[in-house]
Amino acid sequence: MEKEFTELLYQNQGIVHKICNLYFNSRTDKKDYKQELIIQLWKAFPSFNNNSKLSTWMYRVCLNAAIDIIRKEKTQPKFVKYEYHDFITISDSKSELSENQEKLYQAINTLSDIDKAIITLYLDEFSYKEIAEIMGISESNTGVKINRIKSLILKSIENGNK
Amino acid sequence: METNELKKIWQTLSNENLIDKSIAKDNIERIIKLNSSKTIEKLSKKLRFDYLTNIATAILVLVITIFATVYLNNKSHSLPIQGYAFLVLVISYYSLKAVSINSKLKLLNLSYNTSSILDSLKKVKVRFEKISTKESVIIYASMAILTVFANILINDKTDLSNFNVNSLKGYVLIFSIGYLVSLPFIGKYYFKKRFSGILTDINNSIEELNSEV
């Protein structure tokens, strides 16, 4: 099981990176919580049903874990040890962000944890049905929310993230 | 800007910048052998230590109280009322602290990572409320026992036919009754206040998901 999990995670680790980069701010947090997400995925792996899409299952576990970590951090303000110099736009970035990429990233960053999850899934080409299943809401509600978040993002981009 | 353009920007952004240096297979194997990440583990350890310290202190003070009572009784003396009141308050303080830390520990272990986001939030909320009720009952039962114990000791040699409300023993009795009546409410209030931020967050997220906007 360990080998199978390692192989699957290795091939799909992009999801873990994306969630960490969207939900956590400092470089230390990202590194540490990347580990936490992998541990949570491993713990949840026995529940993975091969009939469902791996990426859907991974997003569900990672989003739950990320929202959970943020909630836990809030109970322990002493442990949220942000260092000012530790804040960067995107850690370990491989290339400079274009203006539009920077604006999109900033726009997504201003959203609530829930909206962030919905729009990430939408932009990653998940169907309304899959998003609805991951979030636990109806498909019609998913559609309404996506339209609202999209307009928010587009407005934010057009206004230069002001 | 159109939706397709948004998706295109996202694809470039996520593929080129949001995906960091690849985690090697060896590292994945090493990580899954851990129970939790460094930060969560450190937090857990600290909370467990604080919890045990507070419990040990409360028990120690309780043992000292019992020992002092028995010892002084053997010498035909008794501990002054103020002494008992002080000891009860000290035990209450450490017990409350221990209960509060225990809630944090339970919170730290709460995760429903395979449910949908909405279900996870609802489950966490229900567990939170259960913890709150259970802990209020525990606090109330322990404090009730301590208060009754202190009152029995205080009134041990009191001739109840001469019992006067307008006396120190009367005041202690009134204080004890008030203390016992208000304790469940104080416990609930304390818990809610302590975790009000998180409960509000959970409620807001549930509301946000349920709302049709």
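Below or above, wherever it landed, is the structure these notes cover.

Conventions and cut-offs
Residue numbering note: each chain is counted from 1, following its sequence as written. Written order decides the labels, with chains lettered from A and ligands numbered from 1. Confidence filtering applies because this is a predicted model: local features only for residues at pLDDT of at least 70, side-chain atom pairs given and counted only at 80 or more, and all residues used for totals across whole chains, interfaces and linings. Side-chain numbers come from the whole structure's heavy atoms, not from hydrogens or water. Labels follow the DSSP assignment, with helices taken as runs of H or I lasting at least four residues and strands as runs of E lasting at least two, numbered in each case from the N terminus. Classification of residues uses two cut-offs on accessible area relative to the type maximum, computed with a 1.4 Å probe and protein chains only: under 20% is buried, over 50% is exposed, and between them is partly exposed. The contact rule is simple, with two residues in contact once any of their heavy atoms fall within 4.5 Å. With C-alpha atoms as the basis for the radius of gyration, the globule rule is written as 2.2 Å multiplied by the number of residues raised to the power 0.38. Exposure was quantified through the Shrake-Rupley algorithm and a 1.4 Å probe, taking into account, for residues, occlusion by the shown protein chains and nothing else. Values labelled buried area give the accessible surface lost by two parts on being combined, using a 1.4 Å probe and summing over both. Any carboxyl oxygen of Asp or Glu within 4 Å of a side-chain nitrogen of Lys or Arg constitutes a salt bridge here. Between N or O atoms, a polar contact is any pair within 3.5 Å; within protein, one atom must be a potential hydrogen donor and the other a potential acceptor, and residues adjacent in sequence are included only when both atoms are from side chains. Any residue that is not Ala, Val, Leu, Ile, Met, Phe, Trp, Tyr, Cys, Pro, Asp, Glu, Lys or Arg is counted as polar, Gly included; the first ten are nonpolar and the last four charged. Only Phe, Tyr and Trp rings are paired, with Trp represented by its six-membered ring, and only when their centres lie within 6.5 Å; those with planes under 30 degrees apart are stacked, over 60 edge-to-face, the remainder tilted. By definition, being over a ring means that NZ of Lys or CZ of Arg is both within 6 Å of the ring centre and within 35 degrees of the ring normal. A patch is a set of surface residues, each over 30% in relative accessible area and not in a salt bridge, joined within 9 Å for like charges and within 5 Å for the nonpolar side chains Val, Leu, Ile, Met, Phe, Trp and Tyr. Within this scheme the basic residues Lys and Arg register as positive and the acidic residues Asp and Glu register as negative, but His and the chain ends are omitted. Charge positions come from single atoms, namely NZ of Lys, CZ of Arg, CG of Asp or CD of Glu. This arc is built from the directions going out from the helix axis to the C-beta atoms. To estimate how far a helix should reach, multiply one less than its number of residues by 1.5 Å.

1. Describing the overall build of chain A
Per the secondary structure count, chain A includes eight helices and zero strands. When the 162 residues of chain A are sorted by exposure, 59% land in the buried category. In chain A, of all internal contacts separated by at least 6 residues, the share reaching a separation of at least 24 is 66%.

2. Examining the overall build of chain B
Across its full length, chain B holds seven helices and zero strands. Counting from the amino terminus, helix and strand elements in chain B follow one another as α-α-α-α-α-α-α. Expected size for 213 residues packed as a compact globule is a radius of gyration near 17 Å; at 27 Å, chain B overshoots this value by more than 25%. Residues counted as buried form 40% of the 213 residues belonging to chain B. In chain B, once contacts between residues fewer than 6 apart in sequence are set aside, the share between residues at least 24 apart is 77%. Accessible surface computed for chain B: about 12300 Å², of which carbon and sulfur atoms make up 64%.

3. Section: the interface of chain A and chain B
With 74 residues of chain A at the interface, the matching set in chain B holds 64 residues. Around 6400 Å² of area is buried between chain A and chain B when both sides are counted, 60% of it from carbon and sulfur atoms. At the junction of chain A with chain B, the criterion picks out four salt bridges. Here K33 of chain B ties to E2 of chain A by a salt bridge, and the two come within 3.1 Å at their closest N and O atoms. Scanning the region where chain A abuts chain B turns up 22 residue pairs in polar contact (both at pLDDT 80 or more). For the side of chain A that touches chain B, the per-class residue count stands at 29 nonpolar, 21 polar and 24 charged.

4. Structural notes on the pattern of salt bridges
If you walk through the whole model with that rule in mind, you get eleven salt bridges over all chains. Notably, a salt bridge pairs K25 of chain B with E7 of chain A, separated by 2.7 Å at the nearest N-O pair. Of this pair, K25 of chain B sits in helix α2 (residues 25-31) while E7 of chain A is found in helix α1 (residues 2-12), placing the two residues in two different chains. A relative accessible area of 31% means that K25 of chain B is categorised as partly exposed. For E130 of chain A, the salt bridge identified is with K53 of chain A, shortest N-O distance 3.0 Å. You can see E130 of chain A sitting in helix α7 (residues 128-135) and its partner K53 of chain A sitting in the loop between α3 (27-44) and α4 (54-75), a full 77 residues away along the chain. Assessed through its relative accessible area of 44%, K53 of chain A is described here as partly exposed.

5. Re the packing of aromatic side chains
Residues and elements named next belong to chain A. Enumeration over the complete set of coordinates arrives at nine aromatic pairs over all chains. Members of the aromatic cluster, each reached through a chain of ring pairs, are F5, W42, F45, F48 and W57. The cationic tip of K53 hangs over the ring face of F126; the distance from NZ or CZ to the ring centre is 5.0 Å. Positioned above the aromatic ring of Y23, the side-chain terminus of K116 is 5.0 Å from the ring centre.

6. Looking at a positive patch on the surface
Taken together, the side chains of K31 of chain A together with K21, R30, K38 and K42 of chain B present a region of like positive charge at the surface. Relative to the elements of secondary structure, K21 of chain B occurs in the loop between α1 (3-18) and α2.

7. Side note on the environment of S36 of chain B
As for its position among the elements, S36 of chain B is in the loop between α2 and α3 (38-74). With a relative accessible area of 14%, S36 of chain B lands in the buried category. Apart from residues lying up to four places away in sequence, S36 of chain B is in contact with E36 and I39 of chain A together with E41 of chain B.

8. Details of α1 of chain B
An α-helix turns once every 3.6 residues. As a result, residues three or four positions apart point the same way. Among the residues of α1 of chain B, L6, K7, I9, W10, L13, S14, N17 and L18 of chain B are the ones counted as buried. Down the axis of α1 of chain B, the buried side of the element spans an arc of 160°, and every buried residue falls inside it. Exposed residues on α1 of chain B whose side chains face more than 90 degrees from its buried face are N4 and K8 of chain B. Those residues of α1 of chain B that are buried are in contact with α2 (14-23), α5 (99-109), α6 (113-123) and α8 (139-158) of chain A.

9. Notes on the side chain of N54 of chain B
Residue and element names in this part refer to chain B. By secondary structure assignment, the location of N54 is in helix α3. N54 sits in the buried class, given a relative accessible area of 7%. Aside from chain neighbours lying at most four places away, what touches N54 is Y94, K97, A98 and I101.

10. Let's talk about the side chain of K150 of chain A
Looking at the element boundaries, K150 of chain A is found in helix α8. Not counting the four nearest positions on each side in its chain, K150 of chain A is found in contact with I119 and Y122 of chain A together with T3 and L6 of chain B.

11. Overview of α3 of chain B
Here α3 of chain B contains 37 residues, and its C-alpha end-to-end distance of 53 Å stays within 8% of the 54 Å for a straight helix at 1.5 Å per residue. Just past α3 of chain B, the residue S76 of chain B takes up positive phi, approximately 60°.

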